[in-house]
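Tertiary structure, described
Read off the chains here:
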Amino acid sequence: MFEVTVAPAQTALDAEPAREPGAYQALVREIGEDGACEVRDVFWSDTCARLQLLRTLALAQHPGRIAREAHSLKSAAGTFGYVRLAALALRLEKTAESLGDAGFRDLLDLMDAAYAAGRALEPEG
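A short tour of the structure in this document, coming up. (Residues numbered from 1 in each chain as written. Predicted model: local features only at pLDDT ≥ 70, side-chain atom pairs only at ≥ 80, totals over all residues. Heavy atoms only, no water.)

**Considerations on helix α2 (residues 23-31)**
Listed in full, the buried residues belonging to α2 are Ala 23, Tyr 24, Leu 27 and Val 28. One side of α2 holds all its buried residues, which, seen down the axis, span an arc of 140°. Facing away from the buried side of α2 by more than 90 degrees, the exposed set consists of Arg 29 and Glu 30. Gly 32, located one to two residues past α2, shows a positive phi value of around 90°. (Buried < 20%, exposed > 50% of the residue type's maximum accessible area, 1.4 Å probe, protein only. Helix = DSSP H or I, 4+ residues; strand = E, 2+ residues; numbered from the N terminus. Arc of directions from axis to C-beta.)

**Some remarks on the packing of helix α3 (residues 33-56) against helix α4 (residues 63-79)**
Running from N to C, α3 and α4 cross one another at 155°; their axes reach a closest spacing of 11 Å. In this view, α3 runs roughly antiparallel relative to α4, as classed from their interaxial angle. You can see that α3 and α4 cross each other, and the crossing is left-handed. Between α3, through Phe 43, Thr 47, Arg 50, Leu 51, Leu 53 and Leu 54, and α4, the contact on the second element is made entirely by Arg 65, Ile 66, Glu 69, Ser 72, Leu 73, Ala 76 and Ala 77. Here the residues of the contact of α3 with α4 are counted per class, giving eight nonpolar, two polar and three charged. (Axes fitted to C-alpha atoms, helices over the stretch in contact; angles between N-to-C directions. Parallel < 35°, antiparallel > 145°, perpendicular 65-115°, else oblique. Left-handed = near helix turned anticlockwise from the far one by under 90°. Contact = heavy atoms within 4.5 Å. Nonpolar A, V, L, I, M, F, W, Y, C, P; charged D, E, K, R; others polar.)

**Let's talk about the packing of aromatic side chains**
This structure, assessed with the given rule, holds four aromatic pairs. Here Phe 43 and Phe 80 contribute two aromatic rings whose centre-to-centre distance is 4.7 Å and whose plane-to-plane angle is 15°, an arrangement assigned as stacked. Taken together, the residues span a long stretch of sequence, with Phe 43 in helix α3 and Phe 80 in the loop between α4 and α5 (83-95) at a distance of 37 residues. Site record: aromatic cluster; members linked through ring pairs are Phe 43, Phe 80, Tyr 82 and Tyr 115. The ring of Tyr 24 is capped by Arg 40, whose NZ or CZ atom sits 4.1 Å from the centre of that ring. (Phe/Tyr/Trp six-rings, centres within 6.5 Å; stacked < 30°, edge-to-face > 60°. Lys NZ or Arg CZ within 6 Å of the ring centre and 35° of its normal.)

**Comments concerning α5**
Helix length check: α5 (13 residues) gives 18 Å between terminal C-alpha atoms against 18 Å at 1.5 Å per residue, within 8%. Burial in α5 covers these residues: Leu 85, Ala 86, Leu 88, Ala 89, Leu 92 and Glu 93. With its buried residues spanning 165° around the axis, α5 presents them on a single face. (Expected span 1.5 Å × (residues − 1).)

**Brief notes about the packing of α4 against α5**
Orientation of α4 relative to α5, taken along the N-to-C sense of each, is 160°, at an axis distance of 8 Å. Regarding the angle of α4 to α5, the classification is roughly antiparallel. Once α4 is placed against α5, the crossing between them reads as left-handed. Of α5, the residues touching α4 (which contributes Ile 66, Ala 67, Ala 70, His 71, Leu 73, Lys 74, Ala 77 and Gly 78) are Leu 85, Ala 86, Ala 89, Leu 90, Leu 92 and Glu 93. Looking at the contact of α4 with α5, its residues break down into 10 nonpolar, two polar and two charged.

**Examining the environment of Cys 37**
Note that Cys 37 resides in helix α3. Between the alpha carbons of Cys 37 and Tyr 24 there is a distance of 8.9 Å; along the sequence they are 13 residues apart.

Below you can see the structure in the form of C-alpha coordinates.
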(Lines give C-alpha, C1' and ligand atoms only; values in the text may rest on other atoms or scores of the structure.)
Protein backbone atom coordinates (compact mmCIF):
# COMPACT_ATOMS: atom_id res chain seq x y z
CA MET A 1 0.00 0.00 0.00
CA PHE A 2 1.06 3.57 -0.51
CA GLU A 3 0.41 6.59 1.62
CA VAL A 4 -1.39 9.63 0.24
CA THR A 5 -1.12 13.03 1.80
CA VAL A 6 -3.79 15.52 0.94
CA ALA A 7 -2.95 19.18 1.33
CA PRO A 8 -5.51 21.18 3.25
CA ALA A 9 -7.60 23.49 1.11
CA GLN A 10 -6.06 26.59 2.70
CA THR A 11 -2.54 25.48 1.77
CA ALA A 12 -3.66 25.06 -1.81
CA LEU A 13 -5.15 28.57 -1.79
CA ASP A 14 -1.97 30.02 -0.32
CA ALA A 15 -0.17 28.65 -3.36
CA GLU A 16 -2.32 30.91 -5.55
CA PRO A 17 -0.68 34.25 -6.18
CA ALA A 18 -2.45 37.21 -4.62
CA ARG A 19 -2.32 38.99 -7.98
CA GLU A 20 -1.31 38.08 -11.52
CA PRO A 21 0.98 40.96 -12.48
CA GLY A 22 0.21 40.87 -16.22
CA ALA A 23 -3.59 41.07 -15.90
CA TYR A 24 -3.84 44.84 -15.78
CA GLN A 25 -1.48 45.31 -18.71
CA ALA A 26 -3.56 42.88 -20.75
CA LEU A 27 -6.60 45.01 -20.01
CA VAL A 28 -4.67 48.16 -21.01
CA ARG A 29 -3.84 46.52 -24.35
CA GLU A 30 -7.51 45.74 -24.90
CA ILE A 31 -9.18 48.99 -23.87
CA GLY A 32 -6.41 51.55 -23.36
CA GLU A 33 -4.84 53.07 -20.27
CA ASP A 34 -7.68 55.47 -19.47
CA GLY A 35 -10.37 52.81 -19.81
CA ALA A 36 -8.40 50.26 -17.82
CA CYS A 37 -7.75 52.75 -15.03
CA GLU A 38 -11.41 53.68 -14.92
CA VAL A 39 -12.71 50.11 -14.75
CA ARG A 40 -10.04 49.17 -12.21
CA ASP A 41 -11.26 52.01 -9.97
CA VAL A 42 -14.80 50.65 -10.32
CA PHE A 43 -13.52 47.14 -9.50
CA TRP A 44 -11.87 48.42 -6.33
CA SER A 45 -14.98 50.30 -5.26
CA ASP A 46 -17.35 47.45 -6.10
CA THR A 47 -15.13 44.88 -4.41
CA CYS A 48 -14.99 46.85 -1.17
CA ALA A 49 -18.76 47.28 -1.25
CA ARG A 50 -19.37 43.61 -2.09
CA LEU A 51 -17.07 42.37 0.70
CA GLN A 52 -18.87 44.65 3.16
CA LEU A 53 -22.27 43.50 1.90
CA LEU A 54 -21.33 39.84 2.35
CA ARG A 55 -20.60 40.55 6.02
CA THR A 56 -24.11 41.93 6.50
CA LEU A 57 -25.90 38.92 5.02
CA ALA A 58 -26.96 36.04 7.25
CA LEU A 59 -25.84 32.81 5.62
CA ALA A 60 -28.89 30.84 6.75
CA GLN A 61 -31.27 33.41 5.27
CA HIS A 62 -29.44 34.41 2.09
CA PRO A 63 -27.32 31.54 0.73
CA GLY A 64 -28.51 32.15 -2.84
CA ARG A 65 -27.70 35.83 -2.77
CA ILE A 66 -24.34 35.12 -1.15
CA ALA A 67 -23.55 32.63 -3.92
CA ARG A 68 -24.54 35.20 -6.60
CA GLU A 69 -22.41 37.92 -4.99
CA ALA A 70 -19.51 35.48 -4.76
CA HIS A 71 -19.95 34.59 -8.44
CA SER A 72 -19.81 38.26 -9.44
CA LEU A 73 -16.78 38.82 -7.23
CA LYS A 74 -15.04 35.77 -8.70
CA SER A 75 -15.51 37.05 -12.24
CA ALA A 76 -14.33 40.58 -11.50
CA ALA A 77 -11.36 39.41 -9.44
CA GLY A 78 -10.31 37.09 -12.25
CA THR A 79 -10.45 39.91 -14.78
CA PHE A 80 -8.07 42.01 -12.72
CA GLY A 81 -5.75 39.13 -11.85
CA TYR A 82 -6.70 38.79 -8.18
CA VAL A 83 -6.17 35.05 -8.41
CA ARG A 84 -6.44 34.17 -4.72
CA LEU A 85 -9.55 36.28 -4.22
CA ALA A 86 -11.16 34.69 -7.28
CA ALA A 87 -10.39 31.21 -5.92
CA LEU A 88 -11.88 32.06 -2.53
CA ALA A 89 -14.96 33.61 -4.14
CA LEU A 90 -15.40 30.44 -6.19
CA ARG A 91 -15.21 28.40 -2.99
CA LEU A 92 -17.89 30.59 -1.41
CA GLU A 93 -20.05 30.37 -4.51
CA LYS A 94 -19.88 26.58 -4.52
CA THR A 95 -20.34 26.07 -0.77
CA ALA A 96 -22.77 28.83 0.28
CA GLU A 97 -25.63 26.33 0.59
CA SER A 98 -23.68 24.00 2.89
CA LEU A 99 -21.19 26.23 4.69
CA GLY A 100 -21.63 26.83 8.41
CA ASP A 101 -21.54 30.29 9.97
CA ALA A 102 -18.02 29.91 11.35
CA GLY A 103 -16.70 28.66 8.02
CA PHE A 104 -18.48 31.52 6.25
CA ARG A 105 -16.88 34.13 8.53
CA ASP A 106 -13.47 32.48 8.16
CA LEU A 107 -13.84 32.52 4.39
CA LEU A 108 -14.81 36.20 4.44
CA ASP A 109 -11.69 36.94 6.51
CA LEU A 110 -9.57 35.11 3.94
CA MET A 111 -11.26 37.02 1.11
CA ASP A 112 -10.56 40.34 2.82
CA ALA A 113 -6.92 39.35 3.27
CA ALA A 114 -6.63 38.18 -0.35
CA TYR A 115 -8.07 41.45 -1.61
CA ALA A 116 -5.70 43.48 0.57
CA ALA A 117 -2.75 41.39 -0.63
CA GLY A 118 -3.73 41.95 -4.26
CA ARG A 119 -4.12 45.68 -3.73
CA ALA A 120 -0.71 45.82 -2.07
CA LEU A 121 0.82 44.41 -5.27
CA GLU A 122 -0.78 46.99 -7.54
CA PRO A 123 1.71 49.20 -9.37
CA GLU A 124 1.89 52.83 -8.30
CA GLY A 125 0.00 55.31 -10.38
